[in-house]
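# A structural walkthrough
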Amino acid sequence: MIESHESPKCPVCQARFRESSTCSRCGADLVPLIRLIAGAYRLRLEARQALQTGDYEQARKLASEAQVLCSTPKGKDLRLLSSWLLLNKSLELQHLLGDEAMPA
Ligand SMILES: [Zn+2]
């Protein structure tokens, strides 16, 4: 399912579309685009699940793949969050190992 506030646009004429396989304005075939959006959506879903299990590295990978397929502002946030959590986790590890292990 496509999130309601994210309105994808026809790549040909930029008309917004929702749940139709052809563009209502220019008649372009939107199926390949819809597949990309659905693929990205699924990847982000998996990324969120990875975040919940604390697998930030996997989350960042999935979120990045989703952005390559179909970039959205929300997807960008998800990728940023995953990157930040991953960075935070590694900094925390360095802290646990002692401040001397931190690079200057
Ligand atoms: Zn169109």
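About the cut-offs
- Residues numbered from 1 in each chain as written.
- Predicted model: local features only at pLDDT ≥ 70, side-chain atom pairs only at ≥ 80, totals over all residues.
- Helix = DSSP H or I, 4+ residues; strand = E, 2+ residues; numbered from the N terminus.
- Buried ≥ 20, exposed ≤ 12 C-beta atoms within 10 Å, placed from the backbone.
- Contact = placed C-beta atoms within 7 Å.
- Axes fitted to C-alpha atoms, helices over the stretch in contact; angles between N-to-C directions.
- Parallel < 35°, antiparallel > 145°, perpendicular 65-115°, else oblique.
- Left-handed = near helix turned anticlockwise from the far one by under 90°.
- Nonpolar A, V, L, I, M, F, W, Y, C, P; charged D, E, K, R; others polar.
- Core = buried A, V, L, I, M, F, W, Y, C linked by C-beta atoms within 7 Å.
- Expected span 1.5 Å × (residues − 1).
- Arc of directions from axis to C-beta.

Along the backbone of the protein chain there are 3 helices and 0 strands. Along the protein chain, helices and strands appear, N-terminal first, in the series α-α-α. Expressed as a percentage of the 104 residues in the protein chain, the buried residues total 17%. The long-range fraction of contacts in the protein chain, counting pairs at least 24 apart against all pairs at least 6 apart in sequence, stands at 30%.

Take Asn88: it is sitting in helix H3 (residues 73-97). When the 11 C-beta atoms within 10 Å are taken as the criterion, Asn88 is described as exposed.

With that out of the way, let us pick up the packing of helix H1 (residues 31-52) against helix H2 (residues 56-69). Taken N-terminus to C-terminus, the directions of H1 and H2 make an angle of 165°; their axes are 8 Å apart at the nearest point. What the angle tells us is that H1 and H2 run roughly antiparallel. Regarding H1 and H2, the two cross each other, and that crossing is left-handed. Taking contact as the criterion, the partners of Leu36, Gly39, Ala40, Leu43, Arg44, Glu46, Ala47, Ala50 and Leu51 in H1 are, on H2, Tyr56, Gln58, Ala59, Leu62, Ala63, Glu65, Ala66 and Leu69. For the contact of H1 with H2, the per-class residue count stands at 12 nonpolar, 2 polar and 3 charged.

A word on the nonpolar core. Side chains that are nonpolar tend, in soluble globular proteins, to be buried together. Grouped together as the largest cluster of nonpolar side chains are 10 residues: Ala40, Leu43, Ala47, Tyr56, Ala59, Leu62, Ala63, Ala66, Cys70 and Leu78. Among the elements of the structure, H1 and H2 are those that each provide at least two residues to this core. A total of 5 residues in this core trace back to one element, the largest contributor, which is H2. Sequence-distant contacts of Ala66, that is, excluding residues within four places in its chain, are made with Ala40, Leu43, Arg44, Ala47 and Gly75.

Taking 1.5 Å per residue, 14 residues should reach 20 Å; H2 reaches 20 Å between its end C-alpha atoms and fits that length. When H2 is considered as a whole, its buried residues turn out to be Tyr56, Ala59, Arg60, Leu62, Ala63 and Ala66. Along the axis of H2, the buried positions cluster into a sector of 170°, meaning they face one direction only. Looking at the buried residues of H2, the elements they touch are H1 and H3.

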